[in-house]
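Per-entry structural report
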Amino acid sequence: MATLKILMAADERLKKVAQKVEKVDLSVQKIMDDMLETMYKTNGIGLAATQVNIHQRIVVMDISFDENGNGKKPMYFINPEITKRGKELNVYQEGCLSLPNIFDDVERPATCTVKALDYNGKAFTLECDGLLATCIQHEVDHLDGIIFADHLSRLKRNRILTKLQKCKKRKEYSQEIFNY
Ligand code: NI
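A brief report on the enclosed structure follows. (Residues numbered from 1 in each chain as written. Predicted model: local features only at pLDDT ≥ 70, side-chain atom pairs only at ≥ 80, totals over all residues. Heavy atoms only, no water.)

Considerations on the nonpolar core
What counts here: Residues belong to one nonpolar core when they are buried, are Ala, Val, Leu, Ile, Met, Phe, Trp, Tyr or Cys, and are joined through side-chain atoms within 4.5 Å. Between buried and exposed lies partly exposed: a residue is buried under 20% and exposed over 50% of the maximum accessible area for its type, with that area taken using a 1.4 Å probe on protein chains only. Only heavy atoms matter for contacts: two residues are in contact if any of them lie within 4.5 Å across the pair.
Ranked by internal contacts, the top residues of the largest apolar core, which has 37 residues, are M35, L47, I58, V60 and I136. Discounting residues that sit within four places of it in the chain, I136 has contacts with V59, M61, F77, I82, C112, V114 and C128. In this structure, L7, L14, V106 and L164 belong to the second largest nonpolar core, which totals 14 residues.

A short note on the sheet that holds strand β3 (residues 75–85)
Our working definition: Note on pairing: two strands pair once DSSP finds at least 2 bridges between them. Strands here are runs of E lasting at least two residues and helices are runs of H or I lasting at least four, both read from the DSSP assignment and numbered beginning at the N terminus. Axes, fitted as lines to C-alpha atoms, cover a helix only where it is in contact. Angles between the N-to-C directions of the axes lie from 0 to 180 degrees.
Ordered in space as β1-β2-β3-β6-β7, the five strands form an open sheet in which the pairing is antiparallel. Pairing within the sheet leaves two strands with one partner each, and these edge strands are β1 (46–48) and β7 (123–129). Mean inter-strand twist for the sheet, computed between neighbouring axes without regard to direction, equals 40°. Contacting β1, β2 (58–61) and β3, helix α1 (residues 26–41) runs over the sheet at an angle of about 40° to β2.

Brief notes about unusual backbone geometry
A cis amide bond links A9 to the next residue, A10, at an omega of 0°. By the secondary structure assignment, A10 is in the segment before α1. With a phi close to 65°, N43 is a non-glycine residue in the positive phi region. Its place among the elements puts N43 in the loop between α1 and β1. Positioned with a positive phi, N101 is a non-glycine residue whose angle comes to about 65°. Relative to the elements of secondary structure, N101 occurs in strand β5 (residues 99–109). Judged by its relative accessible area of 31%, N101 is partly exposed.

Looking at the pattern of salt bridges
Heads up, the rule is: In what follows, salt bridge is the name for a side-chain nitrogen of Lys or Arg lying within 4 Å of a carboxyl oxygen of Asp or Glu.
Using the criterion set out here, one finds eight salt bridges in the structure. Residue K156 pairs with D104 through a salt bridge whose shortest N-O separation is 3.2 Å. Here K156 is found in helix α3 (residues 154–166), whereas its partner D104 is found in strand β5, with 52 residues between them in sequence. For K156, a relative accessible area of 33% corresponds to the partly exposed category.

In structure tokens, the structure reads:
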């Protein structure tokens, strides 16, 4: 396994729309293994392939592990599609591995249904709520070239991007657990 380099906002490559995976083979599984390792290493709970400059519709997530890295339950989503969004909205303070040390409230549907292929290419459907619902919506956004700051007001978004530019040279990640 290998650790991959994470793209930082406002890198234009984060705006690319990812392509559908045609076949879940060893190369796709290798990408998922590397993404997962990268995500754990940086204390993230979710990572989209777009963030590591791989423009295929692949997401890895784990919302189970604690701050010591115990209780890992990796989740794999290939070609994830949100087929239903609940009417009720929920606000979470979101963070992102591509926007280190930035956290802000984002409003999204509180529940959603996602269809995807798993690590072995098998189709599944998952009903999501709570953090899981927020996280998968955040990751699917990445595959469509959208970062969470795009959901904020223009003023807030510009402020975030300016702040990121200033600390571009610092490579540390926040130790908060909610990095998606
Ligand atoms: Ni993110």
